[in-house]
Amino acid sequence: MWKILGERILQYRFLLLALLLALTVFFGWEASKVKLSYEFSKSIPTDNPKYIAYQQFREKFGDDGNLLVIGVQTPRLFQQDIFNDYAVLQRSLKGVSGVNDVIAVPSAVNLIKNEETEKLQATAIFPKGPLTQPQIDSSKTVFFNLPFYKGLLYNGQTDAWLMGVYVDAAVMNSAKRTALVDSITHFAEAFGARHQLSIHLSGLPLIRTVLATRIQKEMKWFTFASLLLSAIILLLFFRSISATLLSLAVVITGVIWSFGILQLAGFKITLLTALIPPLIVVIGIPNCIYFLNKYHTTFKQTGDKKKAIVQMIAKMGVVTLFCNIAAAIGFAVFALTRSAILKEFGIVAGISILLLFFISLILIPVVVNAMAAPKLQHTKYLENVWLQRWLDKLEYWSLHHRTLIFAITFIVLLFSVAGMFRLKSVGYIVDDLPKTDKIYTDLKFFETNFKGVMPLEILVDTKKKYGVSRNLENLLKIDSLSQYLASKPFIGKPLSIAAGLKFAKQAFFEGDSTNYTMPSAYDLPALAQYLSMRSTGTSNNNSFTKLVGSFMDSSRQTARISVSMQDVGSARLPLILDSIQTKANALFDKDKYNVQLTGTSVTFLEGSRYIINGLKESVFWAFILIALCMLYLFKSFRILLCSLIPNMIPLAITAGVMGWAGVPLKPSTVLIFSVALGIAIDITIRFLVNYKQELKGGTHTSQETIIQTIHSTGISIMYTSIVLIAGFIIFCFSSFGGTQALGWLTSLTLVTATLANLIFLPALLMVFLKK
């Protein structure tokens, strides 16, 4: 069948090449329209209770993850030139397109009791315009007398000051977000440069934008560098520019098709789908090496180019098809998960890898047929003395030291299993960054001085209209929960209606800071008429009234407690959330109240859990489906067993090394197992199919056929491994820990998979197939 297919491909080569070029142009046109995704929480299914709760929160109170913070640490903030420039910075940031509001010391307001109107007036503490030093000092005294701002805008013990920039959610979910973050960063750093102050910037808008930009740039450069290095090594092996360019043409065409499929499926480029180009290189380069290796081997034997091409398709077509099917299954199973981001990745990667087979099957034979016949220098690599010497050693070991091989494998697996027990599953919002990176150090600045910037929201539904504003008992319970949160060293100052009432009570009692407490049952009647605040000295929609008004919904039924917390990681976060929920349940009867924890911190945890669990399940199902394909291909349970064991060894070693090296399971590292499985199964299929073909085609014994297979397939396997190791080792130079781990762990997998299939697999075949 495959021999006939090879003849038909050569017969209709011009038509097939025209069709391939037309499809490439079509997919290229579609690829030019693909867009980047700027959404954050696509990892959670839309019917997940945490996702639904978060969407309901956003409908009532808006987005919670749109605060960018600017920090500075200095005892000189109230120095005339610095403070006036700090006020200018705030006004400049307010004028940036995409900035909704800015809160900082210069715009802080005080509540003043007006006896005539019986209202609390929100008055600016610091007047507008350039201030003199006496004006600043006078206003500073008023500011420090207001406990509401302590821990929110400043840390008096460390002389740290915070400016909060609220950005537009729509802008942050568009391509304009990079320009917005750059503008804010420019203004802030210019202020720091003028006064020789270190500026610290953090918050989810900045972290997401900067990390996404960095990863996208790195993936472009690393894909390019990987292709370049692979091309150089291919050129050294084949000693042919045309063969090297042909290999690059196959993978570049595959990349173009993958982006076209992405656009046709209605998906956008995410941080996960951005990994598809390197994966196309990983699958495509071996296709080219094995096809060309078989072509050169057959041509050297026959001297007939056409016969060599037909034989190349006949022998390697079925092998490459099943290798690509196995690799496609390894990634397509992600489509079975309930995570949208994994589904998109699985669908596009699976289809792209399958189509890559047809690209290789058409493009390689057609172009090779048009090229001149290989010269002696082009096939010289088949007689590489160094590689043949290594293959002789591997042959000797696999045939004459089986007991030692099994013993060493057993010891290595024991070591790996011990490492697997040390493997931990943990992720951070600022995952993979080195400890010296500015994003990481700036985040630690805010965690040290303000206990973090990661949003957490607690919603208290009283199940009654006006159940918050007209029930003192509920208000006191909200304050009790707020105090519990404030007592935690990893949670920042809580903001709620309780904090606003304390501020109002202080104003009612002539600004005495000792009265910054919850109103009593005797205070509320007198205070009630004053709670409709008015503004003087600021706009009617001043920052304070906006802030306090956002702590209840329009029906005054649901109260909101907003806190910022440290990036404690996905291992500690569930314990923290459980303790908060337990305290809330103790304060609020479940039958009368509904208390929910939501916000970006909760959705991050839930998203990480879905991604990690989805990847774990996908690897399991991929293994099962690939095993069924192997059973169909070889139609032998013994060969199936021989094929599965060598694939489990590299996975076990990789997991064990991750445990011993302290590399945790997280969204950026679990993908390594899918890549590892695809690489290992590729080598196994090629070895066993070649063994089966040689066994059927000759009169040799199993041992003689194994020796022949080691030498015929071993060269291609080793060349492929060297090229792929060189391609993946590039990722070790990334600034992200997850990408670095992808590089060195995948390279390790390649080494162990090559050794397992050239030493362990032949030894295993000798045991299972003695006859």
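Residues numbered from 1 in each chain as written. Predicted model: local features only at pLDDT ≥ 70, side-chain atom pairs only at ≥ 80, totals over all residues. Heavy atoms only, no water.

**Regarding the overall build of the protein**
Here comes step 1: The number of helices and strands found in the protein is 25 helices and eleven strands.
Here comes step 2: Dimensions along the principal axes, computed over C-alpha positions, put the protein at roughly 110 × 50 × 40 Å.
Here comes step 3: Counting over 771 residues, the protein shows a buried share of 58%.
Here comes step 4: In the protein, the proportion of contacts linking residues at least 24 apart, taken out of those at least 6 apart, comes to 80%.
Here comes step 5: Put simply, the protein shows about 32500 Å² of open surface, and 62% of that area lies on carbon and sulfur atoms.
Here comes step 6: Separation of charge centres in the protein, based on 72 positive and 46 negative side chains, amounts to 9 Å. (Helix = DSSP H or I, 4+ residues; strand = E, 2+ residues; numbered from the N terminus. Buried < 20%, exposed > 50% of the residue type's maximum accessible area, 1.4 Å probe, protein only. Contact = heavy atoms within 4.5 Å. Areas by Shrake-Rupley, 256 points an atom, 1.4 Å probe, with all protein chains shown as cover. Lys, Arg positive; Asp, Glu negative; His and termini not counted. Charge placed at Lys NZ, Arg CZ, Asp CG, Glu CD.)

**A look at the nonpolar core**
For soluble globular proteins, the rule of thumb is that nonpolar side chains tend to be buried together.
Here comes step 1: Judged by nonpolar contacts, the single largest core of 146 residues is most densely connected at Phe331, Phe345, Ile364, Ile685 and Phe687.
Here comes step 2: It is helix α11 (residues 305-332) that provides the largest number of residues to this core, a total of 17 residues.
Here comes step 3: Among the nonpolar cores identified, the runner-up in size contains 106 residues, and Leu77, Ala122, Ile136 and Met172 belong to it. (Core = buried A, V, L, I, M, F, W, Y, C linked by side-chain atoms within 4.5 Å.)

**Concerning the packing of helix α10 (residues 276-302) against helix α24 (residues 702-729)**
Here comes step 1: The N-to-C vectors of α10 and α24 enclose an angle of 150°; their axes lie 10 Å apart at closest approach. Comparing their axes, α24 and α10 come out roughly antiparallel. In this structure, α10 crosses over α24, and the sense of that crossing is right-handed. From α10, Val281, Val282, Ile285, Pro286, Ile289, Tyr290 and Asn293 reach across to α24, where they touch Ser712, Ile715, Ser716, Ile717, Tyr719, Thr720, Val723, Leu724 and Phe728.
Here comes step 2: The residue inventory of the contact of α10 with α24, partitioned by class, reads twelve nonpolar, four polar and no charged. (Axes fitted to C-alpha atoms, helices over the stretch in contact; angles between N-to-C directions. Parallel < 35°, antiparallel > 145°, perpendicular 65-115°, else oblique. Left-handed = near helix turned anticlockwise from the far one by under 90°. Nonpolar A, V, L, I, M, F, W, Y, C, P; charged D, E, K, R; others polar.)

**What about the sheet that holds strand β10 (residues 558-565)?**
Sheet strands pair via backbone hydrogen bonds, and the direction of the pair is either parallel or antiparallel.
Here comes step 1: Taken together, the three strands give an open sheet; going across it, the order is β10-β8-β11, and neighbouring strands pair in antiparallel fashion. Of all strands in the sheet, those bounded by a partner on one side alone are β10 and β11 (594-598). Along the sheet, successive strands turn relative to each other by an average axial angle of 15°, direction set aside.
Here comes step 2: Where strand β8 (residues 454-461) lies against β10, eight bridges are found, and the strand directions are antiparallel. Residue pairing for β10: Pro455 is matched across the bridge by Ser564.
Here comes step 3: Its contacts with the sheet put helix α16 (residues 472-486) on β8 and β10, and the angle it makes with β10 is roughly 10°.
Here comes step 4: Running at roughly 160° to β11, helix α20 (residues 573-587) makes contact with β8, β10 and β11 of the sheet. (Pairing = 2+ DSSP bridges.)

**A short note on helix α22 (residues 637-661)**
Here comes step 1: Along its 25 residues, α22 runs 36 Å from first to last C-alpha, staying within 8% of the 36 Å computed at 1.5 Å per residue.
Here comes step 2: Measuring from the side-chain oxygen of the N-cap residue of α22 to the backbone nitrogen of Arg638 gives 3.4 Å; that N-cap residue is Ser636.
Here comes step 3: Gly662, located one to two residues past α22, shows a positive phi value of around 75°. (Expected span 1.5 Å × (residues − 1). Polar contact = N/O pair within 3.5 Å; in protein donor to acceptor, adjacent residues only side chain to side chain.)

**Quick word on the packing of aromatic side chains**
Here comes step 1: Summed over the entire model, instances satisfying the criterion amount to 36 aromatic pairs.
Here comes step 2: An angle of 85° between the planes, with centres 6.0 Å apart, marks the rings of Tyr149 and Phe503 as edge-to-face. One end of the pair, Tyr149, is in the loop between α5 (133-144) and β5 (154-155); the other, Phe503, is in helix α17 (residues 497-508), with 354 residues separating them in the sequence. Taken individually, Tyr149 and Phe503 each receive the classification buried, so the pair is uniform in this respect.
Here comes step 3: Taken together, a centroid distance of 6.3 Å and an interplanar angle of 35° make the contact between Tyr295 and Phe299 tilted. Taken together, the residues Tyr295 and Phe299, both in helix α10 and four residues apart, mark about one turn of the helix. For the pair Tyr295 and Phe299, a shared accessibility class is recorded, and that class is buried.
Here comes step 4: Cluster of aromatic residues (ring-pair linked, three or more members): Phe78, Phe83, Phe126, Phe143, Phe144, Phe148, Tyr149, Tyr154, Trp161 and Phe503.
Here comes step 5: In this structure, Lys493 is placed above the aromatic ring of Phe148, and the distance from its NZ or CZ to the ring centre is 5.7 Å. (Phe/Tyr/Trp six-rings, centres within 6.5 Å; stacked < 30°, edge-to-face > 60°. Lys NZ or Arg CZ within 6 Å of the ring centre and 35° of its normal.)

**A few points about α10**
Here comes step 1: Under the 1.5 Å per step criterion, the end-to-end length of α10 is 39 Å for 27 residues, consistent within 8% with the ideal 39 Å.
Here comes step 2: For α10, a buried count of 23 out of 27 residues is recorded, marking the element as mostly surrounded by other parts of the structure.
Here comes step 3: Looking one or two residues beyond α10, the residue adopting positive phi is Gly303, at roughly 75°.

**Brief notes about a nonpolar patch on the surface**
Here comes step 1: Taken together, the side chains of Leu336, Phe620, Trp621, Ile624, Leu625 and Leu628 present a nonpolar region at the surface, about 600 Å² in accessible area.
Here comes step 2: Turning to its location among the elements, Trp621 is positioned in helix α21 (residues 600-634). (Patch = residues over 30% accessible without salt bridge, like charges linked within 9 Å, V, L, I, M, F, W, Y side chains within 5 Å. Salt bridge = Lys/Arg side-chain N within 4 Å of Asp/Glu carboxyl O.)

**Considering the packing of helix α13 (residues 385-400) against helix α25 (residues 737-768)**
Here comes step 1: Running from amino to carboxyl end, α13 crosses α25 at an angle of 40°, the nearest separation of the two axes being 8 Å. As summarised for this structure, α13 and α25 are arranged oblique, according to the angle between their axes. Seen from above, α13 lies across α25 with right-handed handedness. Contacts between α13 and α25 involve Leu391, Leu394, Ser398 and Leu399 from the former and Leu758, Ile759, Pro762, Ala763 and Met766 from the latter.
Here comes step 2: Grouping the amino acids of the contact of α13 with α25 by side-chain chemistry returns eight nonpolar, one polar and no charged.

**Overview of the pattern of salt bridges**
Two side chains with opposite charge may pair up if their charged atoms get near one another.
Here comes step 1: Tallied over the entire structure, the rule returns ten salt bridges.
Here comes step 2: We note a salt bridge from Lys94 to Asp101, for which the minimum N-O separation is 3.7 Å.
Here comes step 3: Given the relative accessible area of 45%, Lys94 is considered partly exposed.
Here comes step 4: On the basis of relative accessibility, which here comes to 9%, the residue Asp101 falls in the buried class.
Here comes step 5: Note that Lys477 and Glu473 form a salt bridge whose closest N and O atoms lie 3.5 Å from each other. Note that Lys477 and Glu473 are positioned in helix α16 at a spacing of four residues, about one turn of the helix.
Here comes step 6: The class of Lys477 is buried, set by a relative accessible area of 16%.

**Quick word on the side chain of Thr746**
Here comes step 1: Tracing the backbone through its elements, the reader meets Thr746 in helix α25.
Here comes step 2: At 2.4 Å, the side chain of Thr746 forms a polar contact with the backbone oxygen of Leu742.
Here comes step 3: Once residues within four sequence positions are removed from consideration, Thr746 is found in contact with Ile672, Val675, Ile679, Phe728 and Ala741.

**Here we look at the environment of Leu414**
Here comes step 1: Looking at the element boundaries, Leu414 is found in helix α14 (residues 402-420).
Here comes step 2: By relative accessible area, which is 48% here, Leu414 ends up partly exposed.
Here comes step 3: The sequence separation of Leu414 and Ile653 amounts to 239 residues, and the corresponding C-alpha distance is 9.5 Å.

**Here we look at the side chain of Thr654**
Here comes step 1: As for its placement among the helices and strands, Thr654 is situated in helix α22.
Here comes step 2: On the basis of relative accessibility, which here comes to 0%, the residue Thr654 falls in the buried class.
Here comes step 3: Thr654 has contacts with Ile672, Leu745 and Thr749, leaving out every residue within four places of it along the chain.

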